[in-house]
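Each chain is listed here by its residues.
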Amino acid sequence: MKKTLALVLSVLMLAALLAGCGSSNNSAPAEVSGEIDKEEAPYEVSIQFVGLFEENKDIAEVEKALNAITLEKINCTVDIVPVFIGDLPTTTSLGVAGDEKLDVVAVGLTSPMDNMVSQELLLPLDDLLAARGQDALKVTEHVAKAQKINGVTYAISGYPYAAMCGSFVYNKTMADEWGLDMHDGMTIAELTEAAKVAHEHGVYMTSYSNSSQLNYKFQLGGDYFGTNGAFGGILDPANSTTIVNVFDSQEYRDFWKQNKDWYDKGYTPSDMLTDSTTVQELFSNQKLFGTATGYTTNQMASWVNPNFEVDIIRTSDPIISTAGAREFMLGIAANCKRPDKAMDLINLIYADPDVANLLMYGVEGLDYVAVEGTQNVITAVGTGNEDHNGYYAPFVHYGDPTAIKIVAPLTDSYPADTKAFENEAKMSLTFGYDFDGSAFSAEAGAIASVLEQKLPALNAGAVADVDAAVDELVAALNAAGMQDVIDANQAALDAWLAANK
């Protein structure tokens, strides 16, 4: 929040880097009033709703329920606009460039905020927030630095509790049947033993698909700059401010050697480089025992399956990073005709849990029901939305997570668990830092092309010799100018650290 998408996402990351600039109308109104005009005709605010392949047949019902609230409170109606996650970067960039109707847009996920700002796709929000966004500011004050670039706020975080760590989500029903001891802090050797048992039962341990993503970070963490670490990364952000080419690190070599070991032993599918089936689908169909994913206290709810029990273990220490806070955000499109009304909706999402619940989960009784014996836990099991085709929000996070409803198997302890996890986490030493990579667009494109070509085989373990393949990758990245970008990034970070002592 934030979530492994294999082939679908690996292609669109390059599109996000190379998308053309949008409108130059990247400025808020000169004066922003805080008053809501109840006498004017209601404005319809569009909001992007990012999904995978769901039908979302109940959107009209969700809009109807939303409008009953928004008309009264902020004099607007809401238009929920479904966007396939693979189309998100181009939908926003082409929409702004073509001056299509765009209001509240998804930031993060597939297009980092800094990329969208450099492409002039987002309005600055500080004046709007000061006049009409106090509730949103209050909920996200803990991560306010991560919402800014060069001191200007461009989006509001969907992760106001931004602590994350690496984890492995798995089929607990299988683990219990096989007698596996799955626990926090499992080592690679222990996970390999679990993979051996899964293989003996005809189940793959996991799949990396045809992915050019940084799968390492889902298992072992780190903080990264640019799409897929194109501008470098910090492997131990709680204790270090040194930016490195993570692909040239011993940690990454060891990770890829683990992947090759599993691939050679048949613990992962042999057709990963050609099969476009997502990890989510393979897991849901019980072809996989589990998968690495970024851990937050609500992450397991994204993997709930009616056919088997799911659980999750932590595989690294929690960290609060800029990237974590930016995993999913809400921004206002640069060509929005009524930024004031767009901000009214954003603020209401953080002020009114009923609004956030509708956007997150749909309509109670239609898309979900309360879990008996709980205060705030819901489930889609037993409803027409059990197949996730009524209304399903797998990638978006709205409002204050400690105030809205939660999905089983989470429990009523979730708000306290979330705050405890946040308190346990260490803050990245570079929290709030942002590297302006706009001067390196050519290098970014070249680096993305190299990663697109060479990472999938390494991630899958489908290489003859890991060290030789990594050496080839690093040489190609250096030829694309990656070290030059990292050097510039380090110099900028050093200056930022000196200014923020």
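Structure's up top.
All values derive from a computational prediction rather than experimental measurement.

Caption draft 1: Representation of the overall build of the protein within the structure. Across its full length, the protein carries 18 helices and 17 strands. The C-alpha extent of the protein, read off along each of the three principal axes, is 70 × 55 × 40 Å. By the burial criterion, 58% of the 501 residues in the protein qualify as buried. As displayed, the protein has an accessible area near 19,300 Å², and 49% of this comes from carbon and sulfur atoms. Treating the 29 positive side-chain charges of the protein as one cloud and the 69 negative ones as another, the clouds have centres 2 Å apart.

Caption draft 2: Examining the sheet that holds strand β16 (residues 406-407) more closely. Within the open sheet, the three strands sit side by side as β14-β15-β16. Their pairing is mixed. With one partner strand each, in any of the chains shown, β14 (369-370) and β16 form the two edges of the open sheet. Pairing analysis gives two bridges linking β14 to strand β15 (residues 377-379), with the strands arranged antiparallel. Looking at β15, one finds that Ala-370 is bridged to Ile-378.

Caption draft 3: Fine view of helix α14 (residues 353-361). Within α14, seven of the nine residues are buried, which leaves it mostly tucked inside the rest of the structure. Listing the buried residues of α14 in full gives Val-355, Ala-356, Asn-357, Leu-358, Leu-359, Met-360 and Tyr-361. Buried positions along α14 lie against β1 (43-51), α2 (59-74), β2 (76-84), α13 (339-351), β15 and β16. The backbone nitrogen of Asp-354 lies 2.8 Å from a side-chain oxygen of the residue at the head of α14, namely Asp-352.

Caption draft 4: Local environment of the nonpolar core. Residues Met-182, Met-205, Phe-247, Trp-256, Phe-289 and Leu-473 are the most contacted members of the largest nonpolar core, which totals 56 residues. Of all the elements in the fold, those that place two or more residues in this core are β7 (163-171), α7 (172-178), α8 (188-200), α10 (250-264), α16 (441-460), α17 (466-479) and α18 (482-499). When neighbours within four sequence positions are excluded, Met-205 is seen to be in contact with Phe-168, Leu-191, Ala-194, Ala-195, Trp-262, Tyr-267, Leu-288, Phe-289 and Gly-290. Core analysis: the second largest hydrophobic core is formed by 55 residues, Cys-76, Leu-88, Val-139 and Val-355 among them.

Caption draft 5: Geometry of the state of the cysteines. Across all of its chains, the model carries zero disulfides by this definition. Left without a disulfide partner, Cys-76 is nearest to the cysteine sulfur of Cys-336, which lies 11 Å away. Since its relative accessible area comes to 0%, Cys-76 is described here as buried. Judged by its relative accessible area of 6%, Cys-336 is buried.

Caption draft 6: Summary view of the pattern of salt bridges. Under the defined criterion, the tally for this structure stands at 18 salt bridges. Salt-bridge contacts for Asp-344 lead to Lys-341; the nearest nitrogen and oxygen are separated by 3.1 Å. Pair noted here: Asp-344 and Lys-341 are both in helix α13, with a separation of three residues, about one helical turn. Between Lys-454 and Glu-472 there is a salt bridge, with its nearest N and O atoms 2.8 Å apart. Taken together, the residues span a long stretch of sequence, with Lys-454 in helix α16 and Glu-472 in helix α17 at a distance of 18 residues. The class for Lys-454 is partly exposed, based on a relative accessible area of 23%. Assessed through its relative accessible area of 48%, Glu-472 is described here as partly exposed. Beyond isolated ion pairs, a larger network of salt bridges with shared partners links Asp-248, Arg-253, Lys-257, Asp-467 and Asp-471.

Cut-off values and rules
- Residues numbered from 1 in each chain as written.
- Predicted model: local features only at pLDDT ≥ 70, side-chain atom pairs only at ≥ 80, totals over all residues.
- Heavy atoms only, no water.
- Helix = DSSP H or I, 4+ residues; strand = E, 2+ residues; numbered from the N terminus.
- Buried < 20%, exposed > 50% of the residue type's maximum accessible area, 1.4 Å probe, protein only.
- Areas by Shrake-Rupley, 256 points an atom, 1.4 Å probe, with all protein chains shown as cover.
- Lys, Arg positive; Asp, Glu negative; His and termini not counted.
- Charge placed at Lys NZ, Arg CZ, Asp CG, Glu CD.
- Pairing = 2+ DSSP bridges.
- Contact = heavy atoms within 4.5 Å.
- Polar contact = N/O pair within 3.5 Å; in protein donor to acceptor, adjacent residues only side chain to side chain.
- Core = buried A, V, L, I, M, F, W, Y, C linked by side-chain atoms within 4.5 Å.
- Disulfide = S-S within 2.5 Å.
- Salt bridge = Lys/Arg side-chain N within 4 Å of Asp/Glu carboxyl O.

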